[in-house]
Amino acid sequence: MAFARGQLKLSIELRGRILALHVMEAKGLLGKECRPCNSYVKMSIVPDADWKCRQKTKTVPDSKNPIFHEHFLFPVHEEDEQKRLLVTVWNRERNSRQSELIGCMSFGVKSLLALDKEISGWYYLLGEDLGRTKHLKVAVRRLKQSREPVPGSQDATCESQDTANMKQLKVGAVGL
């Protein structure tokens, strides 16, 4: 499955020439051998040759669904307008200082400055190549109204009772 890396919930708002990023939580994160992760999120405006604007959350240990609730500010300079805000999620290996990339996403700085649409909600964690160039919002599923009775409701109980009664009548009629 293309999106088995997990999802990240975040919001980005514009405050003048500053991007305010709120990293809320993640879900469905799995490290090697499908174990819960020691995860953290890194953000930067890329390309970033001198590492000046990289920021990261605290590491949340042993969780598939870590909660971060951390806020970050990214001042945007004119030369940053053609760059991307890269958000990466990492798993810190248990017995080493090494980390493995779980997934990532990115947003064009220029489009964030225009901010004609709300950037808020769940986003898929993509593979590195794809995530460095785009983001993909998780679709919100709307439940359709169904005319069929819900199991356990009064209507369903009556309907199943009627069906049982009809079967008994047929069996009784055969015996007459």
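Refer to the structure above for everything that follows.
This section reports on the structure supplied with the text. Keep in mind it's a predicted model, so treat the numbers as computed, not measured. (Residues numbered from 1 in each chain as written. Predicted model: local features only at pLDDT ≥ 70, side-chain atom pairs only at ≥ 80, totals over all residues. Heavy atoms only, no water.)

Before going further, it helps to spend a moment on the overall build of the protein chain. Helices and strands together make up the secondary structure of the protein chain, namely three helices and nine strands. Out of the 176 residues in the protein chain, the part that is buried amounts to 38%. The contacts in the protein chain between residues at least 6 apart in sequence include a share of 59% that link residues at least 24 apart. Summing over all exposed atoms, the protein chain offers an accessible surface of approximately 11800 Å²; the carbon and sulfur share of this is 53%. (Helix = DSSP H or I, 4+ residues; strand = E, 2+ residues; numbered from the N terminus. Buried < 20%, exposed > 50% of the residue type's maximum accessible area, 1.4 Å probe, protein only. Contact = heavy atoms within 4.5 Å. Areas by Shrake-Rupley, 256 points an atom, 1.4 Å probe, with all protein chains shown as cover.)

An order of β6-β2-β1-β9 is seen for the four strands of this open sheet, with the pairing classed as antiparallel. Each edge of the open sheet is held by one strand with a lone partner, namely β6 (67-75) and β9 (119-124). Direction aside, neighbouring strands of the sheet carry axes that sit 20° apart on average. Pairing of strand β1 (residues 7-15) with strand β2 (residues 18-27), which is carried by nine bridges, proceeds in the antiparallel orientation. Each residue of the ladder has a partner; that of L14, found in β2, is L19. (Pairing = 2+ DSSP bridges. Axes fitted to C-alpha atoms, helices over the stretch in contact; angles between N-to-C directions.)

A word on the nonpolar core. In this structure, L8, L10, I12, V87 and F107 are the most contacted members of the largest nonpolar core, which totals 30 residues. Put simply, the parts of the chain that give this core at least two residues each are β1, β2, β3 (37-46), β6, β7 (84-92), β8 (99-108), α1 (109-114) and β9. (Core = buried A, V, L, I, M, F, W, Y, C linked by side-chain atoms within 4.5 Å.)

With that settled, consider the side chain of H22. By secondary structure assignment, the location of H22 is in strand β2. Under the relative-accessibility criterion, H22 is labelled buried at 15%. Among the polar contacts made by the side chain of H22, one reaches the side chain of H69 at a distance of 3.1 Å. Contact partners of H22, with chain neighbours within four places excluded, come to K9, L10, S11, H69, E70 and H71. (Polar contact = N/O pair within 3.5 Å; in protein donor to acceptor, adjacent residues only side chain to side chain.)

What follows deals with the environment of G31. As for its position among the elements, G31 is in the loop between β2 and β3. For G31, a relative accessible area of 13% corresponds to the buried category. The spatial distance from the C-alpha of G31 to the C-alpha of I102 is 7.4 Å, given a sequence separation of 71 residues. When near neighbours in sequence (up to four residues on either side) are disregarded, G31 contacts C37, N91 and E100.

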